[in-house]
Amino acid sequence: DMMSRVLILAASCLAAASAAGPTPPTGSTCFVSPTRLLPSLSPSSALTPRAGGRGLRGGAPQAAGGLRMADVRVEKDVEAVGKALCNMVEASAKEAMDTKGHFAFTIPGGSILKMLGGLKGKSSIDWSKATMAWVNHRCVPLDDETSTEFKAQNLFLKSWEDQGLTILKLTGSTDAEKEEKAYTESLKALSASNVPLNADGVPIFDISLIGMGTDGHIGSLYPNTPAVAEKKKLVVSVVKPASSSISLSLPVMLASKSIVVASAGKSDKYPLGKAEGVVRALEKDETPDSFPASALRNKATWILDQDSAALLTKK
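Here's what I pulled together on the structure shown here. Keep in mind that what you see is a predicted model, and the values were worked out from it rather than measured.

### Quick notes on the pairing of strand 8 (residues 245-248)
Moving on, step 1. Residues Ser245 and Ser247 point to one face of strand 8 and Ile246 and Leu248 to the other, with burial holding for every one of them.
Moving on, step 2. Alignment of strand 4 (residues 136-138) against strand 8, held across 3 bridges, turns out to be antiparallel. Looking at the pairing, Asn136 lines up with Ser247 of strand 8.
Moving on, step 3. Taken together, the 4 bridges between strand 7 (residues 235-238) and strand 8 define a ladder with antiparallel strand orientation. Residue pairing in the sheet places Val235 in a bridge with Leu248 of strand 8.
Moving on, step 4. The turn linking strand 7 back onto strand 8 is made up of 6 residues.

### Some words on the sheet that holds strand 2 (residues 103-107)
Moving on, step 1. Judged by pairing direction, the sheet is parallel, and its 7 strands sit side by side in the order 1-10-9-6-2-3-5 without closing on themselves. A strand with exactly one partner marks an edge of an open sheet, and here the two such strands are strand 1 (71-75) and strand 5 (166-167).
Moving on, step 2. Contacts from helix 2 (residues 78-100) reach strand 1, strand 2, strand 6 (207-210), strand 9 (258-263) and strand 10 (301-305), with the element oriented near 155° to strand 10.

### Considerations on the packing of aromatic side chains
Moving on, step 1. With the rule as written, the count across this model stands at 5 aromatic pairs.
Moving on, step 2. Pairing Phe103 with Phe105 gives two aromatic rings, centres 4.9 Å apart and planes at 10°, and the pair type is stacked.
Moving on, step 3. Ring geometry for Trp127 and Trp160: centres 4.1 Å apart, planes at 20°, overall stacked. Of this pair, Trp127 sits in the loop between helix 3 (112-115) and strand 3 (130-134) while Trp160 sits in helix 4 (residues 148-162); the two residues are 33 residues apart in sequence, bridging distant segments of the chain.
Moving on, step 4. Overall, Trp127 belongs to the buried group, its relative accessible area being 0%.
Moving on, step 5. Three or more aromatic residues link up through ring pairs in this structure, and these residues are Phe103, Phe105, Trp127, Phe156 and Trp160.

### Regarding the sheet that holds strand 7
Moving on, step 1. Spatially, the 3 strands line up as an open sheet ordered 4-8-7, and their pairing is antiparallel. Edge positions in the open sheet fall to strand 4 and strand 7, since each of these has one partner strand only. Taking each pair of neighbouring strands and ignoring which way they run, the sheet shows an average axis angle of 15°.
Moving on, step 2. Contacts from helix 5 (residues 176-188) reach strand 7 and strand 8 within the one sheet, and its direction differs from that of strand 7 by about 165°.

### Structural notes on the pattern of salt bridges
Moving on, step 1. Enumeration according to the criterion identifies 9 salt bridges in this entry.
Moving on, step 2. A salt bridge links Lys158 to Asp162; the shortest N-O distance between them is 3.0 Å. Within this pair, Lys158 and its partner Asp162 are both found in helix 4, separated by 4 residues, close to a single helical turn.
Moving on, step 3. Judged by relative accessible area, which is 56%, Asp162 ranks as exposed.
Moving on, step 4. A salt bridge links Lys169 to Glu161; its shortest N-O distance comes to 3.4 Å.
Moving on, step 5. In this structure Lys169 comes out as partly exposed when scored by relative accessible area, which is 34%.
Moving on, step 6. Via salt bridges that share partners, Lys100, Asp206 and Lys257 belong to a single interconnected network.

Cut-offs and rules
- Residue indices follow the written sequence of each chain, beginning from 1 at its first position.
- Only residues with pLDDT of at least 70 get local features here, since the model is predicted, and only at 80 or more are side-chain atom pairs given and counted; chain-wide, interface and lining totals rely on the full set of residues.
- Side-chain measures were taken over the full set of non-hydrogen atoms in the model, leaving aside hydrogen atoms and water.
- For each residue, the accessible area found with a 1.4 Å probe, counting protein chains only, is set against the maximum for its type, and the residue is called buried under 20%, exposed over 50%, and partly exposed in between.
- Helix numbering and strand numbering both begin at the N terminus, where a helix is a DSSP run of H or I of at least 4 residues and a strand a DSSP run of E of at least 2.
- Only when DSSP finds a minimum of two bridges between them are two strands counted as paired.
- Whether two residues are in contact is decided by their heavy atoms: any pair within 4.5 Å suffices.
- Fitted lines through C-alpha atoms serve as axes, helices being fitted only where they are in contact, and the angles separating the N-to-C directions of these axes extend from 0 to 180 degrees.
- Any two rings among Phe, Tyr and Trp, with Trp reduced to its six-membered ring, count as a pair given centres within 6.5 Å; such a pair is stacked if its planes are under 30 degrees apart, edge-to-face if over 60, and tilted if neither.
- A side-chain nitrogen of Lys or Arg and a carboxyl oxygen of Asp or Glu constitute a salt bridge if their distance falls within 4 Å.

Structure (structure tokens):
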């Protein structure tokens, strides 16, 4: 019955919290998936690579075959998800500055742009020692109202640029293949001391923020397309009749020291939220081809609001 389920869940939370360490601070949400508990992070919380090169200090439980179980963190609402996301960016920046003196990160468009408004103006990050790349971007003039860069300017980007942030910008061309080539060259030109390369020559960003569509697309990598299957390129072009774009390839996303997927809120585009997409990404029998976000299942920290986590069954 319902009371039994509540008692079992409470006992699971207490057991997991005991195994994970001190009790999470008041206000953080206890959620047990194939996950570990993630208490609220302050900007001073360190992020370091774990085995495999990604994630939060301390590591998550290991599943059979050496894969990490998913890190899922459930917050009350969109505002709380945004705050947690900003805290993780600041923590990653501190770790990067302490270890190599430079912070390199990637961001997408969509709802995450509004969340990053929490870092507008004063923050703990020295933006003059930071480099930002786009996870994906439409191939339109940069001052076009549909341009992600244009949308981000007033939310936070102008503030960061004024403080010295280096941005890997597109050229503003509508030619996706031209933009793919130019952005690839920009990535290759990055200083290895700021953005080191892995054994395959793929740049390793300190943190990559990823958004997800209900169809599972991440960046501009859509289901059952050549772009999501691309293994050699750093950047892929996605040509569509209405709006072409470029995107970091899946190998670049996966090379990041830390990957964070944030999903929260409802919108005109997603009136029912993203709960169905989240459960497919984390629990259903999917492949990167059928549901690209599932490629991040054992790689990323997932920050969700309660609506987005509503259909997860492994609690």
